[in-house]
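Structural overview
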Amino acid sequence: MLKTIFTLLFCFAFTNAVADITKGKAIYTTRGCGSCHGPTGKSLNPAVYPALAGKPKKQLLEKFKDYRSGKIVNPFMNSMSKSVLDNEIADLFSYIETLK
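So, a few notes on the structure that sits alongside this text. Note that the coordinates shown come from a computational prediction; the quantities given were computed from them, not determined experimentally.

Examining helix 5 (residues 75–83)
Taken as a whole, helix 5 has its buried residues at Met77, Asn78 and Ser81. Down the axis of helix 5, the buried set is contained in an arc of 105°. They therefore lie on one face.

Rendered as C-alpha cells:
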C-alpha cells in the first residue's frame, strides 16, 4: 500500500509540473540518452537498450524511479538516473513522450 502511494505521489509530482519539452530535449541530448536509446527513442539494439519511443510515460517514470532508487540494479542507469535533477524529470519525460 505504501509503495502504491509513493508511486502515485512520485508520478503526480513530476507529471503535473509545467513541463518544457524544449528543455527535455536538451536534457535527453546532453545527458547522452540517445547514445543508447537512440536519438529518436528508437534503439538500434533494443535487446540491450530498450526503445523509449511510444512507451507510456507512466511506465517509463516508474522504471526511472526504480533505477534511481536502486530497486533495479544497473550501474550505468542507476548513475544516469541520479544525474537528472528532480526539477528536470518532468521536462525530460514530456520530451520522451513526444517520441513516436
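Don't stop here, the text continues.
Examining helix 2 (residues 21–30)
Taken together, the buried positions of helix 2 are occupied by Gly24, Ile27 and Tyr28. Down the axis of helix 2, the sector holding all buried residues measures 100°, keeping them to one side. More than 90 degrees from the buried face of helix 2, the exposed residues found are Thr22, Thr29 and Thr30. Where helix 2 begins, the capping side chain belongs to Asp20, and its oxygen is found 2.9 Å from the backbone nitrogen of Thr22. Taken from the residues just after helix 2, Gly32 is the one with a positive phi, measuring 80°.

Conventions adopted
Residues numbered from 1 in each chain as written. Predicted model: local features only at pLDDT ≥ 70, side-chain atom pairs only at ≥ 80, totals over all residues. Heavy atoms only, no water. Buried < 20%, exposed > 50% of the residue type's maximum accessible area, 1.4 Å probe, protein only. Helix = DSSP H or I, 4+ residues; strand = E, 2+ residues; numbered from the N terminus. Arc of directions from axis to C-beta. Polar contact = N/O pair within 3.5 Å; in protein donor to acceptor, adjacent residues only side chain to side chain.

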